[in-house]
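Report on the structure
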Amino acid sequence: MKKYHKKNIATKVLHAGNHPEEGSGAITPPIYQTSTYIQKSPGKHNGYEYTRSHNPTRTRLEENLAAIENGKFALATASGMSAIMLIMHMLPANSKIICGDDVYGGTYRLFTTVFHERHQFIFLDTTDTKNVKKVIKKEKPQLIWLETPTNPLLKITDLKALAEAAKKEGAVTVVDNTFMSPFFQNPLSLGIDIVVHSLTKYINGHSDVVGGAIILNNKKNYEKLFTLQNSIGPSQSPFDSWLVLRGLKTLAVRMRTHQENAVKIAHFLEQHPQVERVIYPGLKSHPQFKLASTQMNGFGGMITFFIKGGIRAAKKFLENVEYFSLAESLGGVESLIEHPAIMTHASIPPKIRQQLGITDNLIRLSVGIEDVDDLISDLKKGFKAV
Ligand SMILES: *Cc1c(COP(=O)(O)O)cnc(C)c1O
């Protein structure tokens, strides 16, 4: 596994964990669609006993994920949420957790409705480095949960600075790196302890699998998480592991195109008269353009914009685009469009949504890899209908 770490990610996605199968020489690894494995004598086996614990197809995916995030260990889970759940179970009861105030809606729901009795959560604007450092010193949290860029406001958190501050106080840092994918950002290389992904998004990239991953370097924490995964049971299935391994092969070419299209669309939106404001980390108008340029290897494929005319204009626009499918989720090859206040972020109370700036005229785009001129024509059609 180690030898891939020095290679470029475009090579790693194709080769890490993807060695030809030994028996037949098959270039494409088989799907080990089995629940159990034969033993020569009780307890004597080849490292595989039962698929909830281990499966050779999942092992290959985990090798690949570790390599592309520059980590030593990876776990592939049945969903992004189950990966997040395992990390919450790893902490002793009554842990203090500092969490970004603009995280994925499902993460917010998990923390405030499932784990709020087990742990204490402190929600903060993590882009305010000075304040977060102060709170870390004062509260001495066990864990710091970060997303950067955030969803849907695409705010950037300084990972190096917060990783350092957390280390001083003995807090574990976690970054949900779903939005950037390992192609555009590698938190472990910036000093972060644990990376989480929803494989459902860019990593699989084809909108046909739900999955999650945890990648880290600390062996003790890996062993704890493995025991939890085996005990609780949210392991990724062999077939879905195989699909993600296949999707991953094109991660580099997909991400390059997502970004190329997103940059063009962000510029188009920025000068459109029916647009109030565009948020994209690759625009010079983004308040943290400088930090984004140094911390990330690119700016990704997600764009947020505010349409003029409030909720009515937003609805009309969403109903009249064709190639941007109106759907939750993101990161697939096909373009998606959604309304966070009604769809992905509905579980956040309206008052808090207003405070955060997730207003009723906010629209989020997941820019796909279609022809960019066709995508821009489609957006023009939406604006005309308004
Ligand atoms: C989708 C998503 C998740 C949850 O992942 P699932 O695979 O849907 O369970 C977590 N974090 C972010 C940033 C996401 O976009």
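A quick note: this is a predicted structure, and the numbers were derived from the prediction, not measured.

So, the sheet that holds strand β7 (residues 212-216)
Hydrogen bonding along the main chain pairs the strands of a sheet, whether they run parallel or antiparallel. Taking strand neighbours across the sheet as the criterion, the seven strands line up as β1-β7-β6-β5-β4-β2-β3 in an open arrangement whose pairing is mixed. Bordering the open sheet on either side are β1 (73-77) and β3 (120-124), each of which pairs with just one other strand. Averaged over neighbouring strand pairs, the angle between their axes works out to 20 degrees when direction is ignored. In terms of strand pairing, strand β4 (residues 143-147) meets strand β5 (residues 172-176) through five bridges, oriented parallel. Along β5, the bridge assignment pairs tryptophan 145 with valine 174. Here helix α4 (residues 105-114) sits on the sheet and contacts β2 (96-100), β3 and β4; the angle it forms with β3, its principal contact strand, is near 145 degrees.

Observations regarding the site of the ligand
Around the ligand, the structure places Ser79, Gly80, Met81, Tyr104, Asp176, Thr178, Ser198, Thr200, Lys201, Val210, Gly211 and Leu330. Interatomic distance of 2.6 Å between a side-chain N/O atom of threonine 200 and an oxygen atom of the ligand. Lysine 201 places a side-chain nitrogen or oxygen 2.7 Å from an oxygen atom of the ligand. Along the lines of polarity and charge, the residues of the shell around the ligand split into four nonpolar, six polar and two charged.

Focus: the packing of helix α5 (residues 129-139) against helix α6 (residues 159-169)
Put simply, α5 and α6 touch, their axes get as near as 10 Å, and they point 10 degrees apart. What the angle tells us is that α5 and α6 run roughly parallel. Across the interface between the two elements, Thr129, Val132, Lys133, Ile136 and Lys137 of α5 pack against Ala161, Leu162, Ala165, Ala166 and Glu169 of α6. Partitioning the contact of α5 with α6 into residue classes produces six nonpolar, one polar and three charged.

Quick word on the domain arrangement of the chain
Think of interface size as the accessible area that goes away when the parts come together; that is how it is often given. Here the chain is described as being made up of domain 1 (8-248) and domain 2 (251-385). Distance from the C-alpha centre of domain 1 to the C-alpha centre of domain 2: 26 Å. Contact residues are listed per partner, giving 41 residues for domain 1 and 44 residues for domain 2. Together domain 1 and domain 2 conceal approximately 3,300 Å² of surface at their shared face, both sides included; 64% is due to carbon and sulfur atoms.

Remarks on the packing of aromatic side chains
Under the definition given, this model contains 14 aromatic pairs. For the ring pair phenylalanine 268 and phenylalanine 383, a centre distance of 6.4 Å and an interplane angle of 55 degrees mean the geometry is tilted. Taken together, the residues span a long stretch of sequence, with phenylalanine 268 in helix α10 (residues 251-270) and phenylalanine 383 in helix α14 (residues 372-385) at a distance of 115 residues. Grouping residues by exposure puts phenylalanine 268 and phenylalanine 383 together as buried. Taken together through their ring pairs, the aromatic side chains of Tyr108, Phe111, Phe121, Phe123 and Trp145 make up a single cluster.

Side note on the pairing of β4
Of all five residues making up β4, five are buried, and the element is well covered by its neighbours. Burial of β4 is two-sided: the residues Leu143, Trp145 and Glu147 facing one way and the residues Ile144 and Leu146 facing the other way are all buried. Pairing of β2 with β4 involves three bridges; the strand directions are parallel. When the bridges of β4 are listed, cysteine 99 appears paired with tryptophan 145. Where the polypeptide runs from β4 across α6 and back to β5, its parallel neighbour, the crossover connection is right-handed.

Examining the sheet that holds strand β11 (residues 336-338)
The sheet built from five strands is open, its strands ordered β8-β9-β12-β11-β10 with mixed pairing. Each edge of the sheet is formed by a strand with only one pairing partner; in this case those strands are β8 (275-279) and β10 (325-326). Here four bridges tie β8 to strand β9 (residues 302-307), and the two strands are oriented antiparallel to one another. Opposite arginine 277, over in β9, you have phenylalanine 306 as the bridge partner.

The rules behind the values
- Residues numbered from 1 in each chain as written.
- Predicted model: local features only at pLDDT ≥ 70, side-chain atom pairs only at ≥ 80, totals over all residues.
- Heavy atoms only, no water.
- Pairing = 2+ DSSP bridges.
- Helix = DSSP H or I, 4+ residues; strand = E, 2+ residues; numbered from the N terminus.
- Axes fitted to C-alpha atoms, helices over the stretch in contact; angles between N-to-C directions.
- Contact = heavy atoms within 4.5 Å.
- Near = heavy atom within 4 Å.
- Polar contact = N/O pair within 3.5 Å; in protein donor to acceptor, adjacent residues only side chain to side chain.
- Nonpolar A, V, L, I, M, F, W, Y, C, P; charged D, E, K, R; others polar.
- Parallel < 35°, antiparallel > 145°, perpendicular 65-115°, else oblique.
- Domains from an automatic or database assignment.
- Buried area = accessible area lost by both parts, 1.4 Å probe.
- Phe/Tyr/Trp six-rings, centres within 6.5 Å; stacked < 30°, edge-to-face > 60°.
- Buried < 20%, exposed > 50% of the residue type's maximum accessible area, 1.4 Å probe, protein only.
- Right-handed = clockwise from strand over helix to strand, strands pointing away.

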